[in-house]
Amino acid sequence: MNILTRSWDKINPLDIGSYIRQRGYEALQKAIREMVPADVIKEIKISGLRGRGGAGFSTGEKWEMAAGQNSRSDLERARGATSNGKYFICNLDESEPGTYKDRTIAEKNPHQIIEGLLIGAYAIGAKKAYIYINGNYKKQAEILRIAVGQAREKEFLGRGILGSAIDIEVEIFEGAGAYICGEETALINSIEGKRGEPRLKPPFPPVSGLFGRPTIVNNAETLANIPYILRQGAKKYSQIGSSVSPGTKLFILSGAVKNKGAHEAPLGITPQELIFNSLYGGGLETGKEFWFAQIGGASGRLVPAGKLDQPLTYGNCEYPLGSGSVLVVDKNADLKDLLLSWAGFFHRESCGKCVPCREGTYRLWEIAKRLKNNDLPLTNCNNASERDININKNHKEGQLVRGEREKDRENIEDILWTLSRTTFCPLGKFASVAWNDAIKMFGKKIFDK
Amino acid sequence: MSIQKILLKFEPKPENLLGVLKEIQKENGYIGKKECEGAAGYFSLPLARVYSTASFFDQMKTKKESKKIIKICSGGPCLGEKSMEVARQIEMLLKIELENDARAKYKLELMSCAGLCDRGPIVMIDNQIFEKVKPETVDDILANYL
Ligand SMILES: Cc1cc2nc3c(=O)[nH]c(=O)nc-3n(C[C@H](O)[C@H](O)[C@H](O)COP(=O)(O)O)c2cc1C
Ligand code: SF4
Ligand code: FES
């Protein structure tokens with residue numbers, strides 16, 4: 001069942017004509033000529049579409065919240081709202097390690113995202129839309145810029161869309177390298193020219209977002225589903241995939257799996273099928289043996305062989321599917337490299353706004369480096385005593401000093417507890433997920449050298 | 001291009017600040033005090049506001065960088081393609097240590113996933129990206145781009 005990747009092989013991303021020949025922009029025309037915004041929102045609600053950015057919130061319900069907001073409130077004035085407009089933002093910041101699904105859509109069929117964005121903007125009554133793209137995706141930003149230009153020539157965007165009285169401007173906004181800017185309120189801050197730190201919620205963006213105005217932020221893949229839903233009908237869409245979260249999903253397979261890359265599959269599929277079915281991953285590379293999989297990038301959980309049969313949905317799952325990337329790790333992998341990779345990532349990407357995450361990710365990274373180098377913790381951080389140095393020396397010479405490693409082990413537990421419960425935004429919690437699983441599953445291997 | 005010329009290409013609206021700073025970074029190599037002051041004046045913002053933005057993002061620097069920075073991707077998929085072996089090779093060739101500042105000329109750092117995992121391992125030198133780098137090919141890249 002292909003929705004997202006349908007007709008990609010027939011489309012030239014630099015030619016809007018090739019998209020139109022595949023029934024492109026039909027859904028936009030239908031929305032503007034035959035439907036009022038409330039109809040569009042109703043249709044999206046019926047489809048059951050849930051956000052593909054990670055949290056899986058109902059797209060239709062989110063749009064409804066923004067559509068219901070009208071005049072400027074006191075709160076907005078206090079926050080400096082200067083206009084009466086609303087905003088629609090496509091989130092293409094994509095920087096979860098191992099995830100490049102949105103990049104792939106932008107490369108293969110940019111108009112699919114733009115059409116979804118325009119329909120969304122129409123539905124909530126936004127006159128201005130942004131595509132916020134990862135600063136590393138320079139080539140893709142150019143493709144999108146060309147696509148926006150061509151859509152403007154065809155009167156799909158700009159002033160008086162398709163001869164109607166509707167105006168929607170679309171602007172490509174390039175990020176500057178910060179994972180946290182994928183979080184919607186941090187993203188909004190960075191468009192406003194501020195540090196990309198998350199804001200306190202509530203108020204949520206559909207109530208008060210960009211420049212204090214109602215704003216919808218949707219993931220690029222979420223938007224790429226919209227044209228299909230309007231064209232084929234919400235009923236049909238809602239029957240694809242799993243009943244709690246209908247539709248298909250672009251999964252990215254990487255690591256020790258045979259067929260790496262983007263694979264579209266219905267939601268509700270199991271990791272087992274994704275990794276081993278010849279339609280998708282096709283099993284492990286020759287000579288490699290499955291150890292565990294990580295679902296959802298560096299913030300994702302580790303799934304052991306015995307648990308691969310849990311369906312991946314946006315409902316309540318033991319293993320949330322997040323961005324939908326699947327890293328397959330084989331038995332020869334170095335777990336300490338992975339621990340350092342996760343800790344280093346969150347240490348670099350922590351925005352520094354709150355103490356538990358700023359300090360927690362830093363200390364975890366220090367410990368990860370020690371584990372990797374087989375160093376022992378110093379008893380006094382500021383002033384390494386002779387004893388500490390001797391301990392490290394003895395240890396390096398092969399004499400394992402019992403008990404010393406325990407200190408790091410206890411600290412890890414404290415840090416993970418704090419990260420998972422006390423941070424300002426979900427990034428701190430993300431930083432604890434894979435470590436938590438690794439300690440539970442492989443603690444012995446990690447600490448007993 | 002002078003800072004003034006860059007500024008005049010943009011309307012002084014807050015949503016243009018990041019774009020302006022990125023362009024200054026590209027032209028000037030870093031965004032120092034003088035550049036921040038110029039932008040603050042043009043956008044009618046406090047200097048501290050401009051500096052706080054300029055100092056936040058990976059792709060911008062507020063100090064002049066005298067070292068050549070080589071970055072290697074440490075994301076899971078690149079690790080799977082043996083990016084750490086490439087790092088070892090770079091350490092050997094340049095006689096430097098990963099994430100260690102001691103050498104005057106070069107610095108080898110880990111970087112976060114660039115979203116190019118299907119083309120890994122990824123190495124970046126001064127914002128230029130190299131794909132599918134192997135321990136055997138990395139000396140060529142270093143010879144040509146350092
Ligand atoms: C630390 C963090 C990083 C995030 N990164 C992304 C991202 O790269 N892309 C994305 O679409 N959503 C990301 N999100 C989720 C967004 O905040 C937001 O929920 C999403 O864009 C909403 O779109 P959706 O409803 O279509 O999923 C991130 C959230 C957090 C907490
Ligand atoms: S949890 Fe981390 S990323 Fe989120 S606000 Fe706190 S410091 Fe910033
Ligand atoms: S893991 Fe290296 S580019 Fe994604």
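A few points about the overall build of chain B
- Secondary structure summary: chain B contains seven helices and four strands in total.
- Each helix and strand of chain B, ordered N terminal to C terminal, gives the series α-α-α-α-β-α-α-β-β-β-α.
- When the 146 residues of chain B are sorted by exposure, 51% land in the buried category.
- In chain B, the share of contacts with a sequence separation of at least 24, taken over all contacts with a separation of at least 6, comes to 54%.
- Here chain B has roughly 7300 Å² of accessible surface; of this, 50% comes from carbon and sulfur atoms.
- Of the side chains in chain B, 23 bear a positive and 21 a negative charge, and the two mean positions are spaced by 4 Å.

So, unusual backbone geometry
- With an omega of -5 degrees, the peptide bond running from A:Lys201 to A:Pro202 counts as cis.
- Inspection of the secondary structure assignment puts A:Pro202 in the loop between helix H9 (184–191) and strand S4 (215–219).
- A cis geometry characterises the amide bond from A:Pro202 onward to A:Pro203, with omega recorded as 0 degrees.
- Position of A:Pro203 among the secondary structure elements: in the loop between H9 and S4.
- At A:Arg23, a residue that is not glycine, the phi angle is positive and equals roughly 70 degrees.
- Among the structural elements, A:Arg23 can be located in the loop between helix H1 (16–21) and helix H2 (26–34).
- A positive phi angle, near 45 degrees, is found at B:Lys132, a position not held by glycine.
- Under the relative-accessibility criterion, B:Lys132 is labelled exposed at 52%.

Observations regarding the site of ligand 1
Residue and element names in this part refer to chain A.
- Taken together, 19 residues lie near ligand 1, and Gly53, Lys62, Asn218, Asn219 and Thr222 sit nearest.
- Contact distances for ligand 1 include 3.0 Å between an oxygen atom and a backbone N or O atom of glutamate 184.
- The fraction of the free accessible surface of ligand 1 (610 Å²) that becomes covered by protein chains is 91%.
- Only S4 and helix H17 (426–447) provide two or more residues apiece to the shell around ligand 1.
- For the shell around ligand 1, the class distribution of residues is six nonpolar, eight polar and five charged.
- Domain assignment of the residues forming the shell around ligand 1 places at least three in each of domain 1 (8–238) and domain 3 (336–447).

As for the domain arrangement of chain B
- Each domain of chain B was delimited in the assignment, giving domain 1 (3–56) and domain 2 (68–145).
- Each of domain 1 of chain B and domain 2 of chain B was reduced to a C-alpha centroid, and the two centroids are 30 Å apart.

Observations regarding the sheet that holds strand S7 (residues 290–295) of chain A
Residues and elements named next belong to chain A.
- Across the sheet, five strands lie side by side as S6-S5-S9-S7-S8; this open sheet has mixed pairing. The two strands at the open ends of the sheet, each matched to only one other strand, are strand S6 (261–266) and strand S8 (301–304). Recorded for the sheet is a direction-independent mean angle of 30 degrees between the axes of neighbouring strands.
- Pairing analysis gives six bridges linking strand S5 (residues 248–255) to S6, with the strands arranged antiparallel. Within S6, the position partnered with leucine 253 by the bridge is glycine 261.
- Where H17 meets the sheet, its contacts fall on S7 and S8, and the angle it forms with S8 comes to roughly 40 degrees.

Topic: the interface of chain B and chain A
- If you look at the interface, chain B gives 31 residues, while chain A gives 39 residues.
- Summing both partners gives a buried area of about 3000 Å² for chain B against chain A, and 53% of it is carried by carbon and sulfur.
- At the junction of chain B and chain A, the tally comes to three salt bridges.
- Between chain B and chain A we count 16 residue pairs in polar contact (both at pLDDT 80 or more) in total.
- Those elements giving two or more residues to the side of chain B that touches chain A turn out to be helix H2 (17–28), helix H4 (47–54), helix H5 (76–80) and strand S2 (106–111) of chain B.
- Of the residues that constitute the side of chain B that touches chain A, the class distribution is 14 nonpolar, nine polar and eight charged.

Regarding the sheet that holds strand S1 (residues 87–92) of chain A
Residues and elements named next belong to chain A.
- Reading across the sheet, the four strands line up as S3-S2-S1-S4 and stay open at both edges, with parallel pairing between neighbours. Among the strands making up the open sheet, the edge pair consists of strand S3 (169–174) and S4. Across the sheet, the mean angle separating the axes of adjacent strands is 20 degrees when strand polarity is ignored.
- Note that S1 and S4 share five bridges and pair parallel.

So, the side chain of B:Gln25
All names here are of chain B.
- One can find glutamine 25 in helix H2.
- A relative accessible area of 12% means that glutamine 25 is categorised as buried.
- In contact with glutamine 25, other than residues within four places in its own chain, are Tyr30, Ile31, Gln59, Met60 and Lys61.

Some thoughts on the packing of aromatic side chains
All names here are of chain A.
- Per the counting criterion, the structure on display carries 19 aromatic pairs over all chains.
- With a centroid separation of 4.9 Å and an interplanar angle of 80 degrees, the aromatic rings of phenylalanine 345 and phenylalanine 346 are classed as edge-to-face. Just as phenylalanine 345 is buried, phenylalanine 346 falls in that class too.
- Aromatic rings pair up to connect Tyr87, Tyr130, Tyr132, Phe173 and Phe211 into one cluster.

Things to note about the site of ligand 2
- Around ligand 2, 13 residues are found, and the nearest of them are A:Cys351, A:Lys353, A:Cys354, A:Cys357 and A:Cys425.
- The class makeup of the residues in the shell around ligand 2 is eight nonpolar, four polar and one charged.

Here we look at H9(A)
- With seven of eight residues buried, H9(A) is to be regarded as a mostly interior element.
- A:Thr185, A:Ala186, A:Leu187, A:Ile188, A:Asn189, A:Ser190 and A:Ile191 are the residues of H9(A) that are buried.
- Taken together, the buried residues of H9(A) touch S1, strand S2 (128–133), S3 and S4 of chain A together with H2 of chain B.

Considerations on the packing of helix H6 (residues 101–108) of chain A against helix H10 (residues 220–232) of chain A
All names here are of chain A.
- For the pair H6 and H10, the least separation of the axes is 9 Å and the interaxial angle reads 45 degrees. By the angle between their directions, the pair H6 and H10 is classed as oblique. Along the contact surface, H6 presents Lys101, Asp102 and Ile105, while H10 presents Ala220, Glu221 and Ala224.
- Here the residues of the contact of H6 with H10 are counted per class, giving three nonpolar, no polar and three charged.

A short note on the environment of B:Asn100
Residue and element names in this part refer to chain B.
- By the element assignment, asparagine 100 lies in the loop between helix H6 (83–94) and S2.
- For asparagine 100, a relative accessible area of 29% puts it in the partly exposed group.
- On a C-alpha basis, the gap between asparagine 100 and leucine 110 in space is 11 Å, while along the polypeptide they are 10 residues apart.

Thresholds, definitions, all that
Residues numbered from 1 in each chain as written. Chains lettered and ligands numbered in written order. Predicted model: local features only at pLDDT ≥ 70, side-chain atom pairs only at ≥ 80, totals over all residues. Heavy atoms only, no water. Helix = DSSP H or I, 4+ residues; strand = E, 2+ residues; numbered from the N terminus. Buried < 20%, exposed > 50% of the residue type's maximum accessible area, 1.4 Å probe, protein only. Contact = heavy atoms within 4.5 Å. Areas by Shrake-Rupley, 256 points an atom, 1.4 Å probe, with all protein chains shown as cover. Lys, Arg positive; Asp, Glu negative; His and termini not counted. Charge placed at Lys NZ, Arg CZ, Asp CG, Glu CD. Near = heavy atom within 4 Å. Polar contact = N/O pair within 3.5 Å; in protein donor to acceptor, adjacent residues only side chain to side chain. Nonpolar A, V, L, I, M, F, W, Y, C, P; charged D, E, K, R; others polar. Domains from an automatic or database assignment. Pairing = 2+ DSSP bridges. Axes fitted to C-alpha atoms, helices over the stretch in contact; angles between N-to-C directions. Buried area = accessible area lost by both parts, 1.4 Å probe. Salt bridge = Lys/Arg side-chain N within 4 Å of Asp/Glu carboxyl O. Phe/Tyr/Trp six-rings, centres within 6.5 Å; stacked < 30°, edge-to-face > 60°. Parallel < 35°, antiparallel > 145°, perpendicular 65-115°, else oblique.

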